[in-house]
Amino acid sequence: CICRGRLFPHLADEVRRAVDPGEYGVENHGCRLVCVFIFMISVMSDLHDTAGMLSVMYHLPRAPGIWLEYDVPKWSDRKTVKEMLGCSELDFVKFKLDGMPLTWKIVSLVLVIIPKFYIWGITAKSGVCFLMETAGIENVIVNVTALTFIL
């Protein structure tokens with residue numbers, strides 16, 4: 001051992017002054033990997049949501065369509081239906097996915113989806129590097145909690 005002077009006995013005092021084994025002697029790699037795993041779980045949900053947005057853009061027809069529909073039951077007039085069911089005008093409005101022109105798909109892809117993938121990649125890489133470079137295990141646990149809370 002260097003500290004006990006077996007390897008370089010003439011440098012033992014200098015090594016003791018310059019090197020502090022500190023945290024590195026008790027570092028737990030399993031705990032660090034669990035913390036990185038917890039962080040990646042919180043980040044993966046955003047990647048899944050972004051991939052879902054990309055899938056919706058791909059599967060929507062290119063023909064322009066109507067996304068809002070006002071649907072009043074046909075069995076009576078609007079006022080009677082509202083009184084009988086106790087609803088408002090907004091209860092008759094339905095939201096649906098319909099066609100989206102190619103121009104809007106490209107704009108959405110460039111301004112929303114690609115930046116979301118890029119930000120996800122930077123966040124995941126920076127977070128893992130931050131957790132791996134944190135010196136103490138206690139600090140890693142505190143940092144993964146903070147990163148998960150922020151995301």
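That block above? That's the structure.
Residues numbered from 1 in each chain as written. Predicted model: local features only at pLDDT ≥ 70, side-chain atom pairs only at ≥ 80, totals over all residues. Heavy atoms only, no water.

Undergrad: Summarise the environment of Ile119; cite the residues concerned and give the values.
TA: Mapped onto the elements, Ile119 comes out in helix 4 (residues 102–133). According to the relative accessible area criterion, Ile119 is exposed, its value standing at 53%. In this structure, the C-alpha to C-alpha distance between Ile119 and Leu47, residues 72 residues apart in sequence, is 10.0 Å. (Helix = DSSP H or I, 4+ residues; strand = E, 2+ residues; numbered from the N terminus. Buried < 20%, exposed > 50% of the residue type's maximum accessible area, 1.4 Å probe, protein only.)

Undergrad: Describe the nonpolar core, listing the residues and the values that go with them.
TA: Nonpolar side chains tend toward joint burial in soluble globular proteins. Ranked by size, the top nonpolar core spans eleven residues in total: Cys35, Val36, Phe39, Val43, Leu47, Trp120, Ala124, Leu131, Val140, Val144 and Leu147. Every element with two or more residues in this core is listed here: helix 2 (29–59), helix 4 and helix 5 (137–150). Ranked by residue count, the leading element in this core is helix 2, at five residues. (Core = buried A, V, L, I, M, F, W, Y, C linked by side-chain atoms within 4.5 Å.)

Undergrad: Break down the packing of helix 4 against helix 5 for me, citing the residues and quoting the values.
TA: The N-to-C vectors of helix 4 and helix 5 enclose an angle of 160 degrees; their axes lie 9 Å apart at closest approach. As far as their axial angle goes, helix 5 and helix 4 are roughly antiparallel. In the packing of helix 4 onto helix 5, the handedness of the crossing is right-handed. Contacts between helix 4 and helix 5 pair Gly127, Phe130 and Leu131 from the former with Val140, Asn143, Val144 and Leu147 from the latter. (Axes fitted to C-alpha atoms, helices over the stretch in contact; angles between N-to-C directions. Parallel < 35°, antiparallel > 145°, perpendicular 65-115°, else oblique. Left-handed = near helix turned anticlockwise from the far one by under 90°. Contact = heavy atoms within 4.5 Å.)

Undergrad: So, the pattern of salt bridges: which residues are in play, and what are the values?
TA: In this structure the tally under the stated criterion is three salt bridges. Between Glu69 and Lys96 there is a salt bridge, with its nearest N and O atoms 3.3 Å apart. Pair noted here: Glu69 is in strand 1 (residues 68–70) and Lys96 is in the loop between strand 2 (93–95) and helix 4, with a separation of 27 residues, a long-range link. Note on Glu69: relative accessible area 33%, which makes it partly exposed. (Salt bridge = Lys/Arg side-chain N within 4 Å of Asp/Glu carboxyl O.)

Undergrad: Lay out the side chain of Arg32 in plain terms, naming residues and giving numbers.
TA: Mapped onto the fold, Arg32 is located in helix 2. Within the structure, Arg32 has its side chain in polar contact with the backbone oxygen of Leu131 (distance 2.9 Å). Separated by 3.0 Å, the side chain of Arg32 and the backbone oxygen of Thr134 make a polar contact. (Polar contact = N/O pair within 3.5 Å; in protein donor to acceptor, adjacent residues only side chain to side chain.)

Undergrad: Just give me the short version of helix 2, but keep the residues and values in it.
TA: Here helix 2 is 31 residues long and its end C-alpha atoms lie 44 Å apart, about the 45 Å a rise of 1.5 Å per residue gives. Largest kink in helix 2: about 25 degrees, centred on Val43. Turning to helix 2, the residues buried within the fold contact helix 4 and helix 5. (Expected span 1.5 Å × (residues − 1). Bend = angle between axes of the 7 residues up to and from the residue.)

Undergrad: Break down helix 4 for me, citing the residues and quoting the values.
TA: Given a rise of 1.5 Å per residue, 32 residues ought to cover 46 Å, and the 45 Å separating the end C-alpha atoms of helix 4 matches this to within 8%. At Leu109, helix 4 shows its maximal bend, which comes to roughly 40 degrees. Close packing links the buried residues of helix 4 with helix 2 and helix 5.

Undergrad: Give a detailed account of a nonpolar patch on the surface, specifying residues and quantitative values.
TA: Taken together, the side chains of Met53, Leu54, Leu102, Trp104, Ile106, Val107, Leu109, Val110, Leu111, Val112 and Ile114 present a nonpolar region at the surface, about 950 Å² in accessible area. Breaking the nonpolar patch down by element, the ones donating at least two residues are helix 2 and helix 4. In terms of residue count, the dominant contributor to the nonpolar patch is helix 4 (nine residues). Of note, Leu102 is situated in helix 4. When its relative accessible area of 42% is taken as the criterion, Leu102 is described as partly exposed. (Patch = residues over 30% accessible without salt bridge, like charges linked within 9 Å, V, L, I, M, F, W, Y side chains within 5 Å. Areas by Shrake-Rupley, 256 points an atom, 1.4 Å probe, with all protein chains shown as cover.)

Undergrad: So, the packing of aromatic side chains: which residues are in play, and what are the values?
TA: Evaluated as defined, the whole model comprises two aromatic pairs. For the pair Tyr70 and Phe92, a centre-to-centre distance of 6.2 Å together with 85 degrees between the ring planes defines the contact as edge-to-face. With Tyr70 in strand 1 and Phe92 in the loop between helix 3 (78–85) and strand 2, the pair connects residues that are 22 residues apart, well separated along the chain. Given the relative accessible area of 42%, Tyr70 is considered partly exposed. The exposure class assigned to Phe92 is buried, which follows from its relative accessible area of 4%. (Phe/Tyr/Trp six-rings, centres within 6.5 Å; stacked < 30°, edge-to-face > 60°.)

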